[in-house]
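Breakdown of the fold
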Amino acid sequence: MRLAVIVTEYPKFTETFILRDVMKFLEFGGDVRLYHLSPYNKSEVLHGFAEPTRAIARHAGLITPRTLASFTARLGSMAGPLAVIGAQQGGKPVLAGKSAVVSVAACAIARELADWGADHVHAEFAGHPATAAWVIHRLTGIPYSVSCRAHDIFRTQRLLAEKLGEAAFVRTISNYGRDFLASHVGGLRAEDIQVIHSSVDVEKVPQLGPPPQDGPFHVVYVGSLQVRKGVDVLLRALAAVKVPDWRCSLAGDGPERAKLEALAAELGLGQRVAFLGKQDFAAVSKLYESANVIAAPSVIGPSGRTEGIPNVAIEGLAFQRPVISTNVSGIPELIRPGRTGFLIEPGSVEELVRALGDVHADPEAAYAIACRGRRLVEAEFSLAVNARRQFDLFRAHSASALGRAAE
């Protein structure tokens, strides 16, 4: 099966879930091309497990002589999509302009995929990748699907009815996302949307014993340093927590790093908080092993930017470590209070202080909850199971399958 996967950026440190899926698609025998709309991101870390994706990654270029030539050759066919973009996004000229530029690049990708004989196109995120997949479908007839995650559907619903309505199938990573789409995007029904959680390769994660108790209480955060991640809430909670001896490791980078470092200094947290920057998965795995608790204190950020289900929470439970997260979006589908994790209200320093204290006060009970979390991850967030579900859907909705059905 010839499968094209479209992303905005490649590589991207925080999108391990996409690259893990792609690695599985290759393992299942797929002939995969990974198209990234932005130029190769030299500032990002490509995790070791994803090194094979370098050989299949392609960048068409947004505005280049080649893409402009492809666009000009298909100008008549592009009139329809551009008219829809103008009608849906004309009131947001920046958004409309970006969609138009992506459409030009999609013309070049469409030509490549038609020459290659692609069977299916899958867009990771409902924003620019879905716009590209939709245009490719309009130009070639190649069926496509879209993975919807969080802010790509929460921030704006402009053009979603067209992009998702013409898709062979739509996948969300949470029941929350499915219900949101069904209630906010005309023509979509909840029963027609596939819920397939983001996943981890849980079968390859050893079942660890209880966290170590012979040193400082180790709080671990893994992810980007952005407002929606709520790291400032974590720092304020650490400043108020009654745990006598603790340390915190923050693995990740992002636009809020300087502000967060300044906040840590202002709060007098000193050397107990370590800003480690971007770390590959091998290093992150060692952090999970040494952690007493994983914190994922997500909040709703500017312009509605928020989480689907944080990958760190899934990974933390796979390593059988207690996880504290917030009642945002689809997170309660993974973090079930008192059963699989500790759930607090977003932005609540007081509740986070209390949850950290509870984990520290009764590590055996916290570990038992984490073990139940691991079982939930095995049942619903397994990479082997969920990537296979996606791949089977690609095949069922491929050009070759549709061709056989028409015979």
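Right above here is the structure, for reference.
Here goes a summary of the coordinates provided. Everything numeric in this text was worked out from a predicted model, so none of it was measured. (Residues numbered from 1 in each chain as written. Predicted model: local features only at pLDDT ≥ 70, side-chain atom pairs only at ≥ 80, totals over all residues. Heavy atoms only, no water.)

Each helix and strand in the chain was counted, giving 16 helices and 13 strands. Computed over the C-alpha atoms, the radius of gyration of the chain is 22 Å, within 12% of the 22 Å expected from 2.2 N^0.38 for a compact globule of 407 residues. Taking the principal axes of the C-alpha coordinates as reference, the chain spans close to 70 × 40 × 40 Å. At a minimum sequence separation of 6, the contacts of the chain that also span at least 24 residues come to 75%. Summed over all atoms, the accessible surface of the chain reaches about 16,100 Å², with 52% contributed by carbon and sulfur. Averaging the locations of the 44 positively and 41 negatively charged side chains of the chain gives two centres separated by 4 Å. (Helix = DSSP H or I, 4+ residues; strand = E, 2+ residues; numbered from the N terminus. Rg over C-alpha atoms; globule rule 2.2 N^0.38 Å. Contact = heavy atoms within 4.5 Å. Areas by Shrake-Rupley, 256 points an atom, 1.4 Å probe, with all protein chains shown as cover. Lys, Arg positive; Asp, Glu negative; His and termini not counted. Charge placed at Lys NZ, Arg CZ, Asp CG, Glu CD.)

This next bit is on empty space enclosed by the protein. Counted under the stated rule, the structure contains two cavities of 30 Å³ or more. Forming the boundary of the largest cavity are Pro211, Gln213, Phe217, Asn292, Pro322, Val359, Pro363, Ala366 and Tyr367. Among the elements that make up the lining of the largest cavity, the one with the highest residue count is helix 14 (residues 363-380) (three residues). Counted by class, the lining of the largest cavity contains seven nonpolar, two polar and no charged residues. Residue classes in the lining of the second largest cavity are distributed as five nonpolar, no polar and three charged. (1 Å grid on protein atoms, 1.4 Å probe; cavity = no way out; pocket = protein on both sides within 12 Å on 5 of 7 lines; lining within 4 Å. Points joined across faces, edges and corners; volume = space filled by probe spheres on them. Nonpolar A, V, L, I, M, F, W, Y, C, P; charged D, E, K, R; others polar.)

This part is about a nonpolar patch on the surface. A cluster of nonpolar side chains, namely Leu62, Ile63 and Leu68, defines an oily patch on the protein surface of about 230 Å² accessible area. Mapped onto the fold, Ile63 is located in the loop between strand 3 (57-58) and helix 2 (65-73). Residue Ile63 is classed as partly exposed on the basis of its relative accessible area of 49%. (Patch = residues over 30% accessible without salt bridge, like charges linked within 9 Å, V, L, I, M, F, W, Y side chains within 5 Å. Salt bridge = Lys/Arg side-chain N within 4 Å of Asp/Glu carboxyl O. Buried < 20%, exposed > 50% of the residue type's maximum accessible area, 1.4 Å probe, protein only.)

Inspection of the secondary structure puts Ser99 in helix 4 (residues 93-116). Exposure remark for Ser99: the relative accessible area of 1% places this residue in the buried category. When sequence neighbours within four positions are dropped, the list of residues in contact with Ser99 reads Ile85, Gln89 and Thr131.

Moving on: the sheet that holds strand 12 (residues 323-326). Strands sit in the order 10-9-8-11-12-13 across an open sheet of six strands; the sheet is parallel. Edge positions in the sheet fall to strand 10 (273-277) and strand 13 (342-344), since each of these pairs with one other strand and no more. For this sheet, the mean inter-axis angle between neighbouring strands, taken without regard to orientation, is 20°. Bridge count for strand 11 (residues 293-296) against strand 12 is three bridges, and the pairing is parallel. Pairing of Ile294 across the sheet is with Val323, part of strand 12. Each of strand 8 (217-222), strand 9 (246-251), strand 10 and strand 11 touches helix 11 (residues 281-290); the most contacted strand, strand 8, lies at about 145° to it. (Pairing = 2+ DSSP bridges. Axes fitted to C-alpha atoms, helices over the stretch in contact; angles between N-to-C directions.)

Glancing now at the layout of surface pockets. Each pocket or cavity is described by its volume, and for the second largest pocket that value is around 160 Å³. Forming the boundary of the second largest pocket are Arg20, Met23, Lys24, Glu27, Phe49, Asp201, Lys204 and Leu383. At four residues, helix 1 (residues 16-27) tops the list of elements feeding residues into the lining of the second largest pocket. Residues of the lining of the second largest pocket, tallied by class, amount to three nonpolar, no polar and five charged.

Here the focus is the pattern of salt bridges. Applying the stated criterion across every chain, the model contains 19 salt bridges. Linking Glu15 and Lys12 is a salt bridge whose minimum nitrogen-to-oxygen distance equals 3.7 Å. Residue Lys12 is classed as partly exposed on the basis of its relative accessible area of 26%. For Lys229, the salt bridge goes to Glu307, with nearest N and O atoms at 2.9 Å. Here the residue Lys229 occupies a position in the loop between strand 8 and helix 9 (231-240), and Glu307 occupies one in the loop between strand 11 and helix 12 (311-318), the gap between them amounting to 78 residues. We classify Lys229 as buried; its relative accessible area is 14%. A relative accessible area of 7% places Glu307 in the buried class. Put simply, Glu9, Lys12 and Glu15 are held in one network by salt bridges that share partners.

Moving on: the sheet that holds strand 5 (residues 144-148). Taken in spatial order, the seven strands of this open sheet run 3-2-1-4-5-6-7, and their pairing is parallel. Bordering the open sheet on either side are strand 3 and strand 7 (193-195), each of which pairs with just one other strand. On the sheet, helix 1 packs against strand 1 (2-7), strand 2 (31-36), strand 4 (120-124) and strand 6 (169-172) and is oriented at approximately 155° with respect to strand 2.

Here strand 11 shows no split at all, with Val293 and Ala295 on one side and Ile294 and Ala296 on the other all buried. Of the pairings in the sheet, the one linking strand 8 to strand 11 comprises two bridges and is parallel in character. Residue pairing for strand 11: Val219 is matched across the bridge by Val293. On the question of chirality, the crossover connecting strand 11 to the parallel strand 12 by way of helix 12 is right-handed. (Right-handed = clockwise from strand over helix to strand, strands pointing away.)

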